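Below are the chains, spelled out letter by letter.
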Amino acid sequence: MPNSLTAIYPGSFDPPTKGHLDLIARGSRLVNHLIVAILKNTQKQALFALEERVEMLKELTAHLPNVEIASFDGLLVDYAARRGADTILRGIRDVSDYESELRMALLNRRMRPETETVFLMASAECSFLSSRMVKEIVMLGGDASAFVPEPVVRRIQAKFPTVTKR
Ligand code: ADP
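Since we're looking at a predicted model, the values are computed, not measured.

Enquirer: Requested: an account of the overall build of the protein, with residues and values cited.
Expert: For the protein, the helix and strand inventory stands at 7 helices and 5 strands. Helices (α) and strands (β) of the protein occur, in sequence order from the N terminus, as β-α-β-α-β-α-β-α-β-α-α-α. Expected size for 166 residues packed as a compact globule is a radius of gyration near 15 Å; at 16 Å, the protein falls within 12% of this value. Principal-axis analysis of the C-alpha atoms gives the protein an extent of 55 × 35 × 30 Å. With 166 residues in all, the protein has 47% of them scored as buried. Here the analysis covers contacts within the protein between residues at least 6 apart in sequence; of these, 76% occur between residues at least 24 apart. Per element, the accessible surface of the protein, about 9200 Å² overall, is 54% carbon and sulfur. In the protein, 22 positive and 20 negative side-chain charges are present, and the distance between their average locations comes to 2 Å.

Next up, the structure:
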């Protein structure tokens, strides 16, 4: 194991949830440098622009000195090689995450054998939580403040003033 361990935590973070933040905080204690890398050009319909997600994550992780917020496009393994990171951090909430994450981890290792994917189990209070669920609640006019941190709530309210202030 290298003396200085850099890991990449990739994802869409659209928007960042309390589950993501829990994983970032726990992951940052395990490595020297944690790069939270937001995937550009995802085929998913984004609620927040990439720049907004970068800003939110920077604000939310400002108290964690070894966490960097970055973005990337193209293959994750190529980005990891460019950043000198052999470790990828991902979260597992349930069996369906396990199935898709296992495939992705094996594929990434096949493409770049140095790559190790490390999984953290979601905390019990976050294991049902996804960005997709938060988006659905917001679109339907519900209150997502139990699931996302305060700065994200404010941005959601700014984006959907009429739906969220009923
Ligand atoms: P992606 O589109 O890559 O799945 P996400 O932003 O949805 O991007 O998720 C990024 C990573 O964070 C994934 O590994 C996912 O399993 C993990 N994750 C998402 N929500 C939670 C949560 N509530 N608790 C723990 N890990 C989570």
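From this point, things continue past the structure.
Enquirer: Would you mind going over the pattern of salt bridges in detail, with residue names and values included?
Expert: According to the stated counting rule, one finds 13 salt bridges in the structure shown. E59 is the salt-bridge partner of R154, the closest N and O atoms lying 4.0 Å from each other. Taken as a pair, R154 in helix α6 (residues 150–159) and E59 in helix α2 (residues 50–60) lie far apart in primary sequence, 95 residues in all. Of the residues examined, R154 reaches a relative accessible area of 44% and is grouped as partly exposed. Classification of E59 as partly exposed rests on a relative accessible area of 42%. With a shortest N-O distance of 2.9 Å, E68 and R83 are connected by a salt bridge. Taken together, the residues E68 in strand β3 (residues 67–72) and R83 in the loop between α3 (76–82) and β4 (87–92) connect sequence positions 15 residues apart. Overall, E68 belongs to the partly exposed group, its relative accessible area being 24%.

Enquirer: Can you explain the packing of α2 against α6? Please cite residues and give values.
Expert: Following both chains from N to C, one finds α2 and α6 inclined at 150°, their axes separated by 10 Å at the closest point. One finds that α2 runs roughly antiparallel with respect to α6. Residue-level contacts link E52, E55, M56, E59 and L60 of α2 to P151, V152, R154, R155 and K159 of α6. Across the contact of α2 with α6, the residue classes tally to 4 nonpolar, no polar and 6 charged.

Enquirer: Which residues make up the nonpolar core, and what values go with them?
Expert: In this structure, Y9, I24, L34, V36, V134 and I156 are the most contacted members of the largest nonpolar core, which totals 33 residues. Contributions of two or more residues to this core are made by β1 (6–11), α1 (18–28), β2 (33–39), α2, β3, α5 (131–139) and α6. Sorting elements by how many residues they give to this core places α2 first, with 5 residues. The contacts of L34, once residues within four sequence positions are left out, are A7, Y9, I24, G27, S28, N66, V67, E68 and L89. Membership of the second largest hydrophobic core comes to 10 residues, among which are I35, A80, A85 and I88.

Enquirer: Residues and numbers for the side chain of N108, please.
Expert: Looking at the element boundaries, N108 is found in helix α4 (residues 95–111). Once residues lying within four places of it in the same chain are set aside, the contact partners of N108 are L76, V77, I88 and T115.

Enquirer: So what's going on with α2? Residues and values would help.
Expert: Helical geometry note: an α-helix holds 3.6 residues per turn, so side chains three or four residues apart project in the same direction. Within α2, burial applies to L50, R53, V54, M56, L57 and L60. When α2 is viewed along its axis, its buried side chains cluster within an angular range of 165° and face the same direction. Turning to α2, the residues buried within the fold contact α1, β2, β3 and α6.

Enquirer: Quick one: what's the story with the packing of aromatic side chains, residue by residue and with numbers?
Expert: Applying the stated rule across the entire model yields 3 aromatic pairs. Ring centres of Y9 and F13 lie 5.1 Å apart, and the angle between their planes is 85°; on these two criteria the pair is classed as edge-to-face. Aromatic side chains F72 and Y79 sit 5.0 Å apart centroid to centroid with 20° between the ring planes, which places their arrangement in the stacked category. Note on accessibility: F72 and Y79 belong to one class, buried.

Conventions adopted
- Residues numbered from 1 in each chain as written.
- Predicted model: local features only at pLDDT ≥ 70, side-chain atom pairs only at ≥ 80, totals over all residues.
- Heavy atoms only, no water.
- Helix = DSSP H or I, 4+ residues; strand = E, 2+ residues; numbered from the N terminus.
- Rg over C-alpha atoms; globule rule 2.2 N^0.38 Å.
- Buried < 20%, exposed > 50% of the residue type's maximum accessible area, 1.4 Å probe, protein only.
- Contact = heavy atoms within 4.5 Å.
- Areas by Shrake-Rupley, 256 points an atom, 1.4 Å probe, with all protein chains shown as cover.
- Lys, Arg positive; Asp, Glu negative; His and termini not counted.
- Charge placed at Lys NZ, Arg CZ, Asp CG, Glu CD.
- Salt bridge = Lys/Arg side-chain N within 4 Å of Asp/Glu carboxyl O.
- Axes fitted to C-alpha atoms, helices over the stretch in contact; angles between N-to-C directions.
- Parallel < 35°, antiparallel > 145°, perpendicular 65-115°, else oblique.
- Nonpolar A, V, L, I, M, F, W, Y, C, P; charged D, E, K, R; others polar.
- Core = buried A, V, L, I, M, F, W, Y, C linked by side-chain atoms within 4.5 Å.
- Arc of directions from axis to C-beta.
- Phe/Tyr/Trp six-rings, centres within 6.5 Å; stacked < 30°, edge-to-face > 60°.

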